[in-house]
Amino acid sequence: MKSSSNWRAARVEALRDITPTVREFTIRPQDAHDIGADWSPGSHIEVELLREGRPIKRSYSLVGTPDGECFRIAVKRLDEGQGGSRAMWQLAVGDRLQVNGPRNHFGLDLNAPAYLLVAGGIGITPMLHMAQHLRSRKGSQAPLRMVYGAHEEAELAYRPLLGELLGESFAEFVGAKGRHIDIAAEIESLPVGGQMYVCGPVPMLDAVRRQWAASGRPLADLRYETFGSSGRFAPQPFRVEVPRQGIDIVVPADSSMMDALHAAGVQTLHDCKRGECGLCAVDVLALDGEIDHRDVFLSEHEKASNERICTCVSRVVGSISIDSSYRPDD
């Protein structure tokens, strides 16, 4: 139940390990001549592959400037995730898969007087093309600064390229060395009217949104994208009831609630599958336990009320009863 679809056959052209846990994939579509010579910074593709014989779909930002022939994405291996990254890391050169896109929900405004790019971990992937594009624009004097944080120094993907591209406008922060991004100071240093672009884990985005609101700057000048959150609890199976359809299922620890519902015949509206757009949110009828909200769509008040849940990323400790907007044909 996606808004648009442009699936095509593709093959893995090349693999490259960027960090110990980040692998870059060069993917060549079968109809490579149709992908165009350019796509806008912030674009992503959706990938369909098999996990234990079942098709799964994941979205990944396109990395770097396009060459008109192949897509490049970078995937961080998450051993405690829902299996998408593990399935990607099992791919070898020559393997086949399906891709959809590119599309863009994280567009770059080229008319801002200044830019602050903030990346956390694998959130660097869409930022690389943004930085390259802004640096390559002729006649643009808009100030640009990028700050990049990771827990370990070895996990700073594309670090040499960014340092060469941005010079003193690039700053890195390694948590293991006690260096963390001072979000409030970065926002304060951003020239008036400047725009801030953020991509990283949910806790980082929550902190940025709080500081941005406290600064009094226009909400429209803050743009962000998330790669999801590991949540407050480790993934575990939980029970979901859909009384309207007479369905009672258990969501496995390595599956999203959305995927489990789809497998049971309950379709949910969705688009980003990263907890950003809110299309997949459903009403909560009853809750026995606790919701682990992992989205950035619902407000803090909405999360505290536990009246809705985003099925693409959020989980439950215990059991939940929901009512979706899906109505099967009579």
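Please read these numbers as outputs of a predicted model, since none were measured by experiment. Residue positions within a chain follow its written sequence, with the count starting from 1. The predicted nature of this model means local features are confined to residues of pLDDT at least 70 and side-chain atom pairs, given and counted, to a pLDDT of 80 or more, with totals for whole chains, interfaces and linings taken over all residues. The side-chain figures draw on all heavy atoms in the structure; neither hydrogens nor water molecules are used.

**Student:** Explain the overall build of the protein chain residue by residue, including any values.
**Tutor:** The helix and strand tally for the protein chain stands at seven helices and 16 strands. Each radius of gyration reported is based on C-alpha atoms, and the globular scaling rule is 2.2 Å times the count of residues to the power 0.38. Here the protein chain has a C-alpha radius of gyration of 20 Å; the compact-globule value for 330 residues is 20 Å, and the two agree. Summarising its shape, the C-alpha atoms of the protein chain cover approximately 60 × 50 × 40 Å along the three principal directions. Counting the 330 residues in the protein chain, one finds 50% classified as buried. Working definition: helices are DSSP H or I runs of at least four residues, strands are E runs of at least two. Numbering for both runs from the N terminus. Relative accessible area decides the class of each residue, using a 1.4 Å probe on protein chains only: under 20% of the type maximum gives buried, over 50% gives exposed, and in between gives partly exposed.

**Student:** Got a sec to walk through the sheet that holds strand β2 (residues 22–29)? Specific residues and values, please.
**Tutor:** When DSSP finds at least two bridges between two strands, those strands are taken to pair. An order of β4-β3-β6-β1-β2-β5 is seen for the six strands of this open sheet, with the pairing classed as antiparallel. If you trace the sheet from one side to the other, it starts and ends with β4 (54–61) and β5 (71–76), each paired once. On average, each strand axis in the sheet is inclined to that of its neighbour by 40°, with strand direction left out of account. Here strand β1 (residues 7–19) pairs with β2 via eight bridges, running antiparallel. Paired with Ala14 across the two strands is Thr26, which belongs to β2. The axes used here are C-alpha line fits, helices contributing only the stretch in contact, and every angle between their N-to-C directions lies in the interval 0 to 180 degrees.

**Student:** Please set out the packing of aromatic side chains residue by residue, giving values where relevant.
**Tutor:** Centre distance and the angle of the planes are the two values used to describe a pair of aromatic rings. Whether two aromatic rings pair depends on their centres lying within 6.5 Å, for rings of Phe, Tyr and Trp, where Trp uses its six-membered ring; planes under 30 degrees apart make the pair stacked, over 60 edge-to-face, and the rest tilted. Under the defined criterion, the tally for this structure stands at three aromatic pairs. Ring geometry for Trp39 and Phe71: centres 5.4 Å apart, planes at 50°, overall tilted. With Trp39 in the loop between β2 and β3 (43–51) and Phe71 in strand β5, the pair connects residues that are 32 residues apart, well separated along the chain. Judged by relative accessible area, which is 7%, Trp39 ranks as buried. Through a chain of ring-to-ring contacts, the aromatic side chains of Phe106, Tyr115 and Tyr197 assemble into a single cluster. Look at NZ for Lys and CZ for Arg. If either is within 6 Å of the ring centre and within 35 degrees of the ring normal, a charge sits over the ring. Note that Arg23 overlies the ring of Trp89, its terminal NZ or CZ placed 4.0 Å from the centroid. When the ring centre of Trp89 is taken as reference, the NZ or CZ atom of Arg77 above it lies at 4.8 Å.

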